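Listed here are the chains, written in short residue letters.
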Amino acid sequence: MRNWGIGAALALAVAASGAVAANEGQTREVQSKDGTFTGEIVGTPAEGSKFAQLEIGMSMQDVQELLDRAPDRFHTYESGKRWIPFYFGNDATRLQALFREEGCLIFTGGNVWGGGGSELIQIEVDPSGACYQP
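Small disclaimer: the values here were computed from a predicted structure and weren't measured. (Residues numbered from 1 in each chain as written. Predicted model: local features only at pLDDT ≥ 70, side-chain atom pairs only at ≥ 80, totals over all residues. Heavy atoms only, no water.)

1. Here we look at the pattern of salt bridges
Rules: Every case where a carboxyl oxygen of Asp or Glu lies within 4 Å of a side-chain nitrogen of Lys or Arg is listed as a salt bridge. Only protein chains enter the accessibility calculation, which uses a 1.4 Å probe; a residue is then buried when its area is under 20% of its type maximum, exposed when over 50%, and partly exposed in between.
Tallied over the entire structure, the rule returns 3 salt bridges. Residues Arg69 and Asp72 are paired through a salt bridge, measuring 3.1 Å at the closest nitrogen-oxygen approach. A relative accessible area of 33% means that Asp72 is categorised as partly exposed. Residues participating in the shared-partner salt-bridge network are Lys81, Asp91 and Arg94.

2. Some points on the packing of aromatic side chains
Note the following rule: Stacked, tilted and edge-to-face pairs are distinguished by plane angle, under 30 degrees for stacked and over 60 for edge-to-face with tilted covering the rest, among Phe, Tyr and Trp rings (Trp via its six-membered ring) whose centres lie within 6.5 Å. By definition, any uninterrupted DSSP run of H or I lasting at least four residues is a helix, any uninterrupted run of E lasting at least two residues is a strand, and each is numbered from the N terminus.
On inspection of all chains with the given rule, the structure shows 1 aromatic pair. A ring pair is formed by Phe51 and Phe99, whose centres lie 6.4 Å apart and whose planes are at 70°; its orientation type is edge-to-face. Within this pair, whereas Phe51 is found in the loop between β2 (38–42) and α2 (60–67), its partner Phe99 is found in strand β4 (residues 93–99), the two being separated by 48 residues in sequence. One exposure class covers both Phe51 and Phe99, and it is buried.

3. Some remarks on the pairing of strand β1 (residues 27–31)
Selection criterion: For two strands to count as paired, DSSP must find a minimum of two bridges between them.
Note that β1 and β2 share 5 bridges and pair antiparallel. Each residue of the ladder has a partner; that of Gln31, found in β2, is Thr38. Between β1 and the antiparallel strand that follows it, β2, lie 6 residues; Gly35 among them carries a positive phi value of about 80°.

4. Thoughts on the pairing of strand β6 (residues 120–125)
β6 sits mainly inside the fold: 5 of its 6 residues count as buried. In terms of strand pairing, β2 meets β6 through 3 bridges, oriented parallel. The residue bridging Ile41 from the neighbouring strand is Ile123, located in β6. In the sheet, strand β5 (residues 103–110) pairs with β6 via 5 bridges, with the strands oriented antiparallel. Bridged to Leu105 within β6 is Ile123.

5. Remarks on unusual backbone geometry
The backbone of Glu101 shows a phi angle near 65°, a positive value even though the residue is not glycine. Mapped onto the elements of the fold, Glu101 is located in the loop between β4 and β5. Among the residues examined, Glu101 registers a relative accessible area of 68% and is labelled exposed.

6. What to know about the confidence of the model for the chain
Our working rule: pLDDT measures how confident the predictor is about each residue, on a scale from 0 to 100. Any two residues having at least one pair of non-hydrogen atoms within 4.5 Å are treated as being in contact.
Per-residue pLDDT for the chain averages 82, and the proportion of residues at 70 or more is 81%. Here residues 1–23 is modelled with pLDDT under 50, and outside its nearest four sequence neighbours on either side it reaches 8 contacts, counting other chains as well.

7. Focus: the state of the cysteines
Spelled out, the test is: We call a pair of cysteine sulfur atoms a disulfide when they lie within 2.5 Å.
Per the counting criterion, the structure on display carries 1 disulfide. Two residues share a disulfide in this structure: Cys104 and Cys131, whose sulfurs sit 2.1 Å from each other. In this structure, the disulfide formed by Cys104 and Cys131 twists by about 85° around the S-S bond and is classed as right-handed. Remark: Cys131 occurs in the segment after β6 and Cys104 occurs in strand β5; sequence separation between them is 27 residues. The pair formed by Cys104 and Cys131 is uniform in burial state, with each residue classed as buried.

Structure below.
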């Protein structure tokens, strides 16, 4: 019984500190537009918002045309797939983009030689912008 009390106190402390993500538990896996891979949607976009019209598998250009703007901030990083020998997929690197007052999008960044990429693989609805982690 005593261990349960310590665990509950720890969970309460973590929740009070704001360390728990607002969208935790609302992640769903969805098929891409062409059905060749799956992506994730974290949170639920507001009805009628531009983020609600996004689809996993869209290109960066299609997303920018739909949202009618470029990202407010973005950065690239290597995924773990970068180090797989003979990996020729298009997500050895990734690009995370912040759209203020909407959330974050993650795109494939290309293969180890810089080719390919630019497919939307994750949509995170977070109007606060806390999803952006450079």
